[in-house]
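Now for the letters of each chain:
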Amino acid sequence: MYLFAKISPKPEFMAAARRAIEDIVSLTLQEPGCRKFVLHEGVGDGCLYLYEEWVDEAALERHYLQPYIAAVFEAYKEWLSEPVEITKLSRLS
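Read on for an overview of the structure.

About the criteria used
- Residues numbered from 1 in each chain as written.
- Predicted model: local features only at pLDDT ≥ 70, side-chain atom pairs only at ≥ 80, totals over all residues.
- Heavy atoms only, no water.
- Pairing = 2+ DSSP bridges.
- Helix = DSSP H or I, 4+ residues; strand = E, 2+ residues; numbered from the N terminus.
- Axes fitted to C-alpha atoms, helices over the stretch in contact; angles between N-to-C directions.
- Buried < 20%, exposed > 50% of the residue type's maximum accessible area, 1.4 Å probe, protein only.
- Expected span 1.5 Å × (residues − 1).
- Contact = heavy atoms within 4.5 Å.
- Salt bridge = Lys/Arg side-chain N within 4 Å of Asp/Glu carboxyl O.
- Polar contact = N/O pair within 3.5 Å; in protein donor to acceptor, adjacent residues only side chain to side chain.
- Phe/Tyr/Trp six-rings, centres within 6.5 Å; stacked < 30°, edge-to-face > 60°.

1. A few points about the sheet that holds strand β2 (residues 34-41)
Strand pairing in a sheet takes place through backbone hydrogen bonds and is either antiparallel or parallel in direction. Reading across from one edge, β2-β3-β1-β4 is the order of the 4 strands in this open sheet, with antiparallel pairing throughout. Only two strands of the sheet have a single neighbouring strand rather than two, namely β2 and β4 (85-89). Neighbour-to-neighbour, the strand axes of the sheet open up by a mean angle of 15°, direction not taken into account. As paired elements, β2 and strand β3 (residues 48-54) share 7 bridges and run antiparallel to each other. Counted as the bridge partner of histidine 40 is tyrosine 49 from β3.

Below, the structure is given as structure tokens:
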């Protein structure tokens, strides 16, 4: 399972959001079922993007239940200008 997550922080929270995500990358990569969890910053759009690969939907759902993810999601309530946009993908080649 593959996905992109577009994260749109308010400008004043961009640095905090970036740090919070950077802090969970290594923990997430240690989770059973996580193949990739890579943070990117959009060029000139003020957004952060996560590229994620999971063995299946169940692994992703377990990820969402981790305490460190819940803490970031809670902070998002104040930090983000809009909800996280998640695009799930199916690999074709």
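2. Focus on the pairing of β3
Among the 7 residues of β3, 6 are classified as buried, and the element is accordingly described as predominantly covered. Where strand β1 (residues 2-7) and β3 come together, 6 bridges link them in antiparallel fashion. Along β3, the bridge assignment pairs leucine 3 with glutamate 52. Between the antiparallel neighbours β2 and β3 lie 6 residues, among them glycine 44 with a positive phi of about 80°.

3. Some remarks on helix α1 (residues 14-29)
With 16 residues, α1 should cover 22 Å at 1.5 Å per step; its first-to-last C-alpha distance of 23 Å lies within 8% of that length. Those residues of α1 that fall on the buried side of the exposure criterion are Met14, Ala17, Ala20, Ile21, Ile24, Val25 and Thr28. Of the surrounding secondary structure, the elements contacted by the buried residues of α1 are β1, β2, β3, α2 (57-64) and α3 (67-79).

4. Comments concerning the pattern of salt bridges
Summed over all chains, the structure comprises 3 salt bridges. The salt bridge partner of lysine 77 is glutamate 74, with a shortest N-O separation of 2.9 Å. Here lysine 77 and its partner glutamate 74 are both found in helix α3, 3 residues apart, which amounts to about one turn of the helix.

5. Here's the deal with the environment of lysine 77
With relative accessibility at 65%, the residue lysine 77 sits in the exposed group. Side-chain polar atoms of lysine 77 contact the side chain of glutamate 74, separated by 2.9 Å.

6. Some points on the environment of valine 55
Among the secondary structure elements, valine 55 is positioned in the loop between β3 and α2. Aside from chain neighbours lying at most four places away, what touches valine 55 is Met1, Gly33 and Arg35.

7. Some remarks on the packing of aromatic side chains
A complete count under the given rule lists 4 aromatic pairs for this structure. A ring pair is formed by phenylalanine 73 and tyrosine 76, whose centres lie 5.9 Å apart and whose planes are at 35°; its orientation type is tilted. Linking phenylalanine 73 with tyrosine 76, this pair stays in helix α3, spanning 3 residues, or about one helical turn. For tyrosine 76, a relative accessible area of 9% gives the class buried.

Everything listed here is a matter of coordinates, which is why it stays silent on function.
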